[in-house]
Amino acid sequence: SLEGLIEFGASPRATIFLVRAAQAHTLIEGRPYVLPEDVNGDKTVNQADVDAVSAHFMARPSTPGWDARFDIVSNGVIDLYDIFGVAKAMGAACP
């Protein structure tokens, strides 16, 4: 978990490198690709992921306990776009 390790937002270039870091982490875990919608890391997008994103509804980077992994569309707020994005990906799995 990255909670407590990142306090401030990042530039667009930093976001690109965070994506690359996620891809590297995925390879280290032996998975072939990243599922951003799999917020709980169980290698399957399911109702638990939808519930986790929904629990952070309307959170922003200034919100205590902000966790960027729930901001699926990376627009700076956890909103319906994020919840619908996870719901749309339900059933996706990583071998």
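So, a few notes on the structure that sits alongside this text. (Residues numbered from 1 in each chain as written. Predicted model: local features only at pLDDT ≥ 70, side-chain atom pairs only at ≥ 80, totals over all residues. Heavy atoms only, no water.)

Observations concerning the overall build of the protein chain
Along its length, the protein chain carries three helices and zero strands. The globule rule puts the C-alpha radius of gyration for 95 residues at 12 Å, and the 13 Å found for the protein chain is close to it. Projected onto its principal axes, the C-alpha positions of the protein chain cover 35 × 25 × 20 Å. For the protein chain, the proportion of its 95 residues judged to be buried stands at 24%. When contacts within the protein chain are restricted to residue pairs at least 6 apart in sequence, those whose partners lie at least 24 apart make up 44%. Carbon and sulfur atoms make up 62% of the accessible area of the protein chain, which amounts to about 6400 Å² in all. (Helix = DSSP H or I, 4+ residues; strand = E, 2+ residues; numbered from the N terminus. Rg over C-alpha atoms; globule rule 2.2 N^0.38 Å. Buried < 20%, exposed > 50% of the residue type's maximum accessible area, 1.4 Å probe, protein only. Contact = heavy atoms within 4.5 Å. Areas by Shrake-Rupley, 256 points an atom, 1.4 Å probe, with all protein chains shown as cover.)

Brief notes about the environment of A59
For A59, the location among the structural elements is in the loop between α2 (47-54) and α3 (80-88). Considering only alpha carbons, one finds A59 and F70, eleven residues apart in sequence, at a separation of 9.3 Å. If near-sequence neighbours (up to four positions away) are discounted, A59 is found in contact with W66, G76, V77 and I78.

A short note on α3
Among the residues of α3, those classed as buried are D82, I83 and V86. The arc that holds the buried residues of α3, viewed along the axis, is 100 degrees, so those residues lie on one side. The exposed set on the far side of α3, more than 90 degrees from its buried face, consists of Y81, F84 and K88. (Arc of directions from axis to C-beta.)

Brief notes about the nonpolar core
Core analysis: the largest hydrophobic core is formed by 13 residues, its most contacted members being V39, V45, V53, F70, I78 and V86. Where this core is concerned, the elements lending two or more residues are α2 and α3. (Core = buried A, V, L, I, M, F, W, Y, C linked by side-chain atoms within 4.5 Å.)

A closer look at the environment of A68
Among the structural elements, A68 can be located in the loop between α2 and α3. Once the C-alpha coordinates of A68 and I78 are considered, the two residues, ten residues apart in sequence, prove to be 8.6 Å apart.

Considering the side chain of D49
The topology assignment puts D49 in helix α2. No salt bridge forms around the buried D49; measuring N to O, its nearest opposite-charge neighbour R69 is 7.5 Å away. Once residues lying within four places of it in the same chain are set aside, the contact partners of D49 are E37, D38, V39, N40, D42, T44 and V86. (Lys, Arg positive; Asp, Glu negative; His and termini not counted. Salt bridge = Lys/Arg side-chain N within 4 Å of Asp/Glu carboxyl O.)

Some remarks on a nonpolar patch on the surface
Where nonpolar side chains cluster on the molecular surface, the patch consists of F57, M58, L80 and F84 and spans about 420 Å² of accessible area. Mapped onto the secondary structure, F57 falls in the loop between α2 and α3. (Patch = residues over 30% accessible without salt bridge, like charges linked within 9 Å, V, L, I, M, F, W, Y side chains within 5 Å.)

Brief notes about the pattern of salt bridges
Taken as a whole, this structure holds one salt bridge when the rule is applied. Residue D67 pairs with R69 through a salt bridge whose shortest N-O separation is 2.9 Å. For D67, a relative accessible area of 14% corresponds to the buried category.

Brief notes about helix α1 (residues 12-28)
Here α1 contains 17 residues, and its C-alpha end-to-end distance of 25 Å stays within 8% of the 24 Å for a straight helix at 1.5 Å per residue. Just past α1, the residue G30 takes up positive phi, approximately 85 degrees. (Expected span 1.5 Å × (residues − 1).)

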